[in-house]
Amino acid sequence: MSKNIPLWEVFIRPRNGLAHKHCGSLHAADEVMALQAARDTYTRRGEGQSIWVVPSAAISASDPDQAAENFDPSIDKVYRHPTFYEIPDEVGHM
Amino acid sequence: MYSQGLIGSDSSTDETVEFLAAFQARIDAEEKIEPNDAMPEGYRRTLIRQIGQHAHSEIIGMQPEGNWITRAPSLRRKAALLAKVQDEGGHGLYLYSAAETLGVSREDLTDQLLDGRAKYSSIFNYPTLSWADIGTVGWLVDGAAIMNQIPLCRCSFGPYARAMIRVCKEESFHQRQGYEILLTLCKGSAAQKEMAQESLNRWWWPVLMMFGPSDGESVHSDQNTKWGIKRFSNDALRQKFIDATIPQAKVLGIEVPDPDLKWDDSLNDGRGGYVHGPIDWDEFWRVVKGHGAMNRDRIRNYKKTVDDGAWVREAAMAHAEKRAARKLAMAAE
Ligand SMILES: [Fe+2]
Ligand SMILES: [Fe+2]
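No experiment lies behind these values; they were computed from the predicted model shown.

## Topic: the environment of A:Val10
Residue and element names in this part refer to chain A.
Inference 1: For Val-10, the position within the fold is in strand E1 (residues 7–13).
Inference 2: For the pair Val-10 and Gly-24, spaced 14 residues apart in the sequence, the C-alpha separation amounts to 5.4 Å.
Inference 3: Apart from residues lying up to four places away in sequence, Val-10 is in contact with Lys-21, His-22, Cys-23, Gly-24, Ser-25, Leu-26, Ala-38, Tyr-42, Ile-51, Trp-52 and Val-53.

Here it is, written out as structure tokens:
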């Protein structure tokens, strides 16, 4: 095979009101063919109302080696959660 | 699966003890490994091989069933078979995508299949000679595949597990449509029922071989179990499959061609199960090594498809480049 055909990431919205969600990837020469292939590959049983395709090369991802320094600091910030605050019972649901 | 254990994989690693221990700890904690995570080379190689083999099986598996699309006995059967074969193509694509996240290209995977470096399930090297075979393949081959694939939904490698969840959702239609074909034949004329029995006679043993060699002889099982790629032994899955299948054969009113088959109360921790006769592993290895009835046809047909489609892919790329250049020129104006 001569030239490698570009890779695309596929995002599907199951129905209006929900966000597009990543569901897989595929190869296609351009965005028109990528959309057609995504329809055939990922929506054979009514899984979607809308499709996004994005060139995989266009995605920037965080480094898994830095996962600890990126995400651990949020764990000890318990004051970001509602349960951190004490409210008397008589106030009821808040 | 169709991925029947790993044929010729090399799972040796030479990373430091600390690195391997840390990785093992993640697996033991049932953490999923994602594509960009650090992983032992052996883990990566094993998965590329297994997922690639699995994908090839889906793609090659389209041939024995595709063989009957034009001859399906009714429009209902034809529509169902077309949908099933299209699904198998889809399964191949999900799996190729999962393998590619490990750093192998689709082109490489295809080349490995075509030049024989990569295997696919030996079951697809058997011919589909009668319409009943389409029923048997759906019932037994897809049935065995489901047995193998359900535990893979919990595989430690995230993209493989996610692909398997999708595949498993689609497989149950495959097995049911096959069983329904056989049910219709078995309720039909004596000749139709005989066609179903004859088909079962030919497929039963090759289907049992789909689970791979007995555990004593399977070299890679231990490491793959430790790495959370394999959850059950080949023999355990085969036993599960037989126990599930025999009652289904009884409903059809046909019999598996095993004179030694008998119920044993002591199997499955006292819940009972079927003991089966000896499997002809020489036949299995013969077919794996390329001497089954259809090995050459399968690869020749696939190569022809790849070659015949080359101009389409080249034209699509040329067209895409032209459009991109035009867009760029317009933006510059
Ligand atoms: Fe499949
Ligand atoms: Fe299937």
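## Description of the interface of chain A and chain B
Inference 1: At the junction of the two partners, chain A supplies 23 residues and chain B supplies 26 residues.
Inference 2: For the pairing of chain A and chain B, the buried interface totals around 2100 Å² over both sides, and the portion due to carbon and sulfur atoms is 52%.
Inference 3: Between the two partners, chain A and chain B, sit seven salt bridges.
Inference 4: As a salt-bridge pair, A:Asp30 and B:Arg323 come within 3.1 Å of each other at their nearest N and O atoms.
Inference 5: On inspection of chain A and its partner chain B, the count reaches twelve residue pairs in polar contact (both at pLDDT 80 or more).
Inference 6: Put simply, the parts of the chain that give the side of chain A that touches chain B at least two residues each are strand E2 (21–27) and helix H1 (31–42) of chain A.
Inference 7: With six residues, H1(A) is the single largest residue contributor to the side of chain A that touches chain B.
Inference 8: Among the residues forming the side of chain A that touches chain B, the class breakdown is ten nonpolar, six polar and seven charged.

## Considering the coordination of the iron ion (ligand 2)
Residue and element names in this part refer to chain B.
Inference 1: Within the protein, the atoms that donate to the iron ion (ligand 2) are Glu-88 (OE), Asp-142 (OD), Glu-171 (OE) and His-174 (ND1), at distances of 1.9 to 2.2 Å.
Inference 2: Seen from the iron ion (ligand 2), its four donor atoms lie at angles of 84 to 170°, and the figure they make is irregular.
Inference 3: Mapping the donors of the iron ion (ligand 2) onto the primary sequence gives the spacing E-x53-D-x28-E-x2-H.
Inference 4: A distance of 3.3 Å spans the gap from the iron ion (ligand 2) to the iron ion (ligand 1), which Glu-88 bridges by coordinating each metal. Of the two residues, Glu-88 sits in helix H4 (residues 75–100) while Asp-142 sits in helix H6 (residues 131–152), which places them 54 residues apart along the sequence. Both residues of the pair, Glu-88 and Asp-142, count as buried.

## Brief notes about the coordination of the iron ion (ligand 1)
Residue and element names in this part refer to chain B.
Inference 1: Protein ligation of the iron ion (ligand 1) involves Glu-58 (OE), Glu-88 (OE), His-91 (ND1) and Glu-171 (OE), the donor distances falling in the range 2.0 to 2.4 Å.
Inference 2: Considering all four donor atoms around the iron ion (ligand 1), angles at the metal cover 83 to 152° and the coordination shape is irregular.
Inference 3: Linear spacing of the donor residues for the iron ion (ligand 1) on their chain is E-x29-E-x2-H-x79-E.

## Description of the packing of aromatic side chains
Inference 1: Tallied over the full model, the rule gives 13 aromatic pairs over all chains.
Inference 2: Relative to A:Tyr85, the ring of A:Phe84 lies with its centre 5.0 Å away and its plane at 85°, an arrangement referred to as edge-to-face.
Inference 3: The exposure class of A:Phe84 is partly exposed, given its relative accessible area of 43%.
Inference 4: Judged by centre distance (4.9 Å) and plane angle (70°), the ring pair of B:Phe23 and B:Tyr43 falls under edge-to-face. Taken together, the residues span a long stretch of sequence, with B:Phe23 in helix H1 (residues 17–28) and B:Tyr43 in helix H2 (residues 41–60) at a distance of 20 residues.
Inference 5: On the basis of relative accessibility, which here comes to 4%, the residue B:Phe23 falls in the buried class.
Inference 6: By relative accessible area, which is 0% here, B:Tyr43 ends up buried.
Inference 7: Through successive ring pairs, a cluster of aromatic residues spans A:Tyr79, A:Phe84 and A:Tyr85.
Inference 8: Note that B:Arg71 overlies the ring of B:Trp68, its terminal NZ or CZ placed 3.9 Å from the centroid.

What counts as what
- Starting from 1, residues in each chain are numbered consecutively following that chain's sequence as written.
- The naming scheme follows written order: chains are lettered A onward, ligands numbered 1 onward.
- Since the coordinates come from a predicted model, pLDDT governs what is reported: local features require at least 70, and pairs of side-chain atoms require 80 or more to be given and counted, while whole-chain, interface and lining totals use all residues.
- For side-chain calculations, the full set of non-hydrogen atoms in the structure is used, while hydrogens and water are omitted.
- Here a strand is any run of E in DSSP of at least two residues, a helix any run of H or I of at least four, and the numbering for each starts at the N terminus.
- Contact definition: two residues touch when any of their heavy atoms are within 4.5 Å.
- Two parts lose some accessible area (1.4 Å probe) when they are put together, and adding that loss for both gives the buried area.
- We define a salt bridge as a contact between a side-chain nitrogen of Lys or Arg and a carboxyl oxygen of Asp or Glu at a distance within 4 Å.
- Polar contact is the term for a pair of N or O atoms within 3.5 Å; when the atoms are in protein, one must be able to donate a hydrogen and the other to accept it, and sequence-neighboring residues count only if both atoms are side-chain atoms.
- Only Asp, Glu, Lys and Arg are considered charged, only Ala, Val, Leu, Ile, Met, Phe, Trp, Tyr, Cys and Pro nonpolar, and every remaining residue, Gly among them, polar.
- Distances decide who is a donor: an N, O or S atom must be within 2.8 Å of the metal, or within 3.2 Å for Na, K and Ca. Water is not included, so sites may look incomplete.
- In short, tetrahedral needs four donors with all angles between 85 and 135 degrees, square planar needs four and octahedral six donors with opposite donors over 155 degrees apart and all other angles between 65 and 115, and whatever is left is irregular.
- Any residue under 20% of the maximum accessible area for its type is buried, any over 50% is exposed, and the rest in between are partly exposed; the area is computed with a 1.4 Å probe on protein chains only.
- Stacked, tilted and edge-to-face pairs are distinguished by plane angle, under 30 degrees for stacked and over 60 for edge-to-face with tilted covering the rest, among Phe, Tyr and Trp rings (Trp via its six-membered ring) whose centres lie within 6.5 Å.
- Whether a charge sits over a ring depends on NZ of Lys or CZ of Arg being within 6 Å of the ring centre and within 35 degrees of the ring normal.

Everything listed is a geometric property; what it means functionally is a separate question.
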